[in-house]
Amino acid sequence: MSSWGRFAETFLNTKVMLKYLPDILSGVVVTIELALLIVVTGIGAGLTLALLRSLGVRPLNWLIIVIVDLFRSLPPLVVIVLIYFGLPSVNISASGFVSTWLSLAFVLMAFSEEIFWAGITSVAKGQWEAARSTGLSFGQTLMNVVLPQAFRLTIPPLTNRTIAITKGTALGTVVAVTEILGQASSAMSNSYNPSPLMMGAAAYLVLFFPVVVAARWVETRFAWKR
Amino acid sequence: MNGPIVDARGLHKHFGALHVLKGVDLRVAERELVFVIGPSGSGKSTLLRCLNRLEEPSSGSVVVDGIDMLDPRTDINHARQRIGMVFQSFNLYPHMTALGNVTLALRKVAGKSRAQAEALGRAALERVGLADRAEHTPGQLSGGQQQRVAIARSIALEPRVMLFDEPTSALDPELVGSVLEVMRSLRESGMTMLVVSHEMGFARNAADRVVFMDEGAIVEEGPPAAIFETPAHERTRAFISQIQRH
Ligand SMILES: Nc1ncnc2c1ncn2[C@@H]1O[C@H](COP(=O)(O)OP(=O)(O)OP(=O)(O)O)[C@@H](O)[C@H]1O
Ligand SMILES: [Mg+2]
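Nothing here was measured: the structure is a model prediction, and the numbers come from that model.

Draft legend 1. Broad picture of the overall build of chain B. Per the secondary structure count, chain B includes nine helices and 10 strands. Overall, the C-alpha framework of chain B stretches about 55 × 45 × 40 Å when taken along its three principal axes. Across the 246 residues of chain B, 54% fall into the buried class. Taking as baseline every contact in chain B between residues at least 6 positions apart, the subset at least 24 positions apart corresponds to 65%. When the accessible surface of chain B is split by element, carbon and sulfur atoms take 47% of a total near 10300 Å². Within chain B, one finds 28 positive and 29 negative side-chain charges whose respective centroids are separated by 4 Å.

Below, the structure is given as structure tokens:
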């Protein structure tokens, strides 16, 4: 057998791949569900915290900063494990899916809050003053003048963070979530063959590559001449 | 007889330990153009910003067009529509076209429909000579054009008074004239104006009154000729001769 033949036999074994394709696909569905939930709630919560912070209420801001710094410093896996094994001790039980979702959403919330906040504060003070001097309220200025400018700066770091954290859905295997990696590794141990892992890798590519491309497109859409 | 459009009395402003305005009294009559000059840090910008409450005065009173600006019951956003403000650094919204800049407050504050706002916005751009630049973004405009769009953004709201804070000092010398031209035509249309600027030539032939400020107080005021040629105070004389040397 040629060396390519041996490689294909081991890593791209068609029989194994066909057998476990349904498992991988169900893993893809779980990963997509998890990822969408994490992105929507995480970024939504992060933006909400950044907007609350812009109100400039001291005690509230301290609270926000503490929460954000906490979730930024803990490794996501630790958060998942804490929620999964910790919550039952206060008589709340969260499934592996919910634990993974909440944990990664909190982490994304923390990072996106910092990114949105940096974007908001980077908008020149003169923009606020010009808008307020024409009678726009605080909220109107934020929505119409400041956020559109802030978003332009936040898109690149935000997409990077979002992709990195969403890929963390793979950590869900630890708490028995049947997402792509979980399915792939159990298929691998059942079949004594690494081909399912290759399928898993392909699935991640198919999922995340379009996101990266879309992010680039959004970046150019939001650019304007200075 | 109508009262003054701007009536500020006993204005004090502290920034922490820094006492920036030390009891300023300033009245600007309808259709009057008042120039404010003075050394850097004398409180000229702070004074202007107290008038539309971008800065909260520590004490004193500010009444603009009969509205008590410091009364907590005053709808400040509504009141601010009547007070145009033009900044040294233009502060146009970079993500909007010239027309977008001019129509934003018309739609959001004055409650005009998009069509009404655009008609008023185009008319305002026309007044500053930029009707053909309506769809350009600030990045595509020269400094002088940007400042004229900023003026259009204010006059579109039909303010009762316009405040200018060094409107030409960020401009290349060859672009200053176009902005002064617009200010002159505004004056001719009867706009009440309060201008912080060191454009002496413009002050000489357009201002009704020049106010000299130093260290947070008005040192003296009078017609341009009197302040520039025969100032009563030594500090005024020193300042005038210093800016004339440029
Ligand atoms: N937000 C602020 N916080 C603290 N100090 C301030 C603030 N704004 C202005 N000041 C101080 O108040 C003083 C007056 O400032 P202001 O900008 O009113 O002076 P100005 O006459 O406009 O000067 P310039 O000609 O340089 O523009 C300065 O010493 C300035 O540093
Ligand atoms: Mg100033």
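Having seen the structure, we can now continue with the description.
Draft legend 2. Fine view of the pairing of strand β1 (residues 6-15) of chain B. Residue and element names in this part refer to chain B. As paired strands, β1 and strand β2 (residues 18-28) are joined by eight bridges and run antiparallel to one another. Looking across to β2, one finds that Val6 is bridged to Val28. The pairing of β1 with strand β4 (residues 59-64) spans five bridges and is classified as antiparallel. Bridge assignment links Val6 to a residue of β4, and that residue is Val64.

Draft legend 3. Main features of the sheet that holds strand β10 (residues 217-222) of chain B. All names here are of chain B. Strand order in the open sheet formed by six strands is β6-β7-β8-β3-β9-β10, and the pairing between neighbours is mixed. The open sheet has two edge strands with one neighbour each: β6 (83-86) and β10. Each neighbouring strand pair of the sheet contributes to a mean axis angle of 20°, computed without reference to strand direction. Bridge count for strand β3 (residues 33-37) against strand β8 (residues 192-196) is four bridges, and the pairing is parallel.

Draft legend 4. Summary view of the site of ligand 1. Residues and elements named next belong to chain B. Around ligand 1, the neighbouring residues are Phe15, Leu18, Val20, Pro39, Ser40, Gly41, Ser42, Gly43, Lys44, Ser45, Thr46 and Glu166. The separation between an oxygen atom of ligand 1 and a polar main-chain atom of Ser42 is 3.2 Å. Take Thr46: an N or O atom from its side chain is 2.5 Å from an oxygen atom of ligand 1. Out of a free accessible area of 630 Å², ligand 1 has 60% covered by protein chains. Contributing elements (two or more residues each) for the shell around ligand 1: β2 and α1 (44-51). Counting residues per element, the shell around ligand 1 draws most heavily on α1, at three residues. Of the residues belonging to the shell around ligand 1, the class tally is four nonpolar, six polar and two charged.

Draft legend 5. Highlighting the interface of chain B and chain A. Contacts between the two partners involve 24 residues from chain B, matched on the other side by 20 residues from chain A. Both sides of the chain B and chain A interface together cover about 1900 Å² of buried area, and 57% of this is carbon and sulfur. When the area that chain B buries against chain A is broken down by residue, the three leading residues are Tyr93, Pro94 and His95 of chain B, summing to 28%. In this structure, the connection of chain B to chain A is made through one salt bridge. With a closest N to O distance of 2.9 Å, Glu129 of chain A and Arg49 of chain B form a salt bridge. The interface formed by chain B and chain A contains six residue pairs in polar contact (both at pLDDT 80 or more). Counting only elements with at least two residues in the side of chain B that touches chain A, the list comes to α2 (76-80), β6 and α3 (98-108) of chain B. At three residues, α3 of chain B tops the list of elements feeding residues into the side of chain B that touches chain A. A breakdown of the residues in the side of chain B that touches chain A according to their chemical character gives 12 nonpolar, eight polar and four charged.

Draft legend 6. Inspection of the environment of Ile163 of chain A at higher detail. Relative to the elements of secondary structure, Ile163 of chain A occurs in helix α7 (residues 138-167). Sequence-wise, Ile163 of chain A and Leu108 of chain A are 55 residues apart; in three dimensions their C-alpha atoms are separated by 9.9 Å.

Draft legend 7. Spatial organisation of unusual backbone geometry. All names here are of chain B. Within the chain, Arg53 stands out as a residue other than glycine whose phi angle is a positive 60°. Looking at the secondary structure, you find Arg53 in the loop between α1 and β4. Unusually for a residue other than glycine, Phe90 sits at a positive phi of about 65°. Inspection of the secondary structure puts Phe90 in the loop between β6 and α3.

Rules behind the numbers
- Residues numbered from 1 in each chain as written.
- Chains lettered and ligands numbered in written order.
- Predicted model: local features only at pLDDT ≥ 70, side-chain atom pairs only at ≥ 80, totals over all residues.
- Heavy atoms only, no water.
- Helix = DSSP H or I, 4+ residues; strand = E, 2+ residues; numbered from the N terminus.
- Buried < 20%, exposed > 50% of the residue type's maximum accessible area, 1.4 Å probe, protein only.
- Contact = heavy atoms within 4.5 Å.
- Areas by Shrake-Rupley, 256 points an atom, 1.4 Å probe, with all protein chains shown as cover.
- Lys, Arg positive; Asp, Glu negative; His and termini not counted.
- Charge placed at Lys NZ, Arg CZ, Asp CG, Glu CD.
- Pairing = 2+ DSSP bridges.
- Axes fitted to C-alpha atoms, helices over the stretch in contact; angles between N-to-C directions.
- Near = heavy atom within 4 Å.
- Polar contact = N/O pair within 3.5 Å; in protein donor to acceptor, adjacent residues only side chain to side chain.
- Nonpolar A, V, L, I, M, F, W, Y, C, P; charged D, E, K, R; others polar.
- Buried area = accessible area lost by both parts, 1.4 Å probe.
- Salt bridge = Lys/Arg side-chain N within 4 Å of Asp/Glu carboxyl O.

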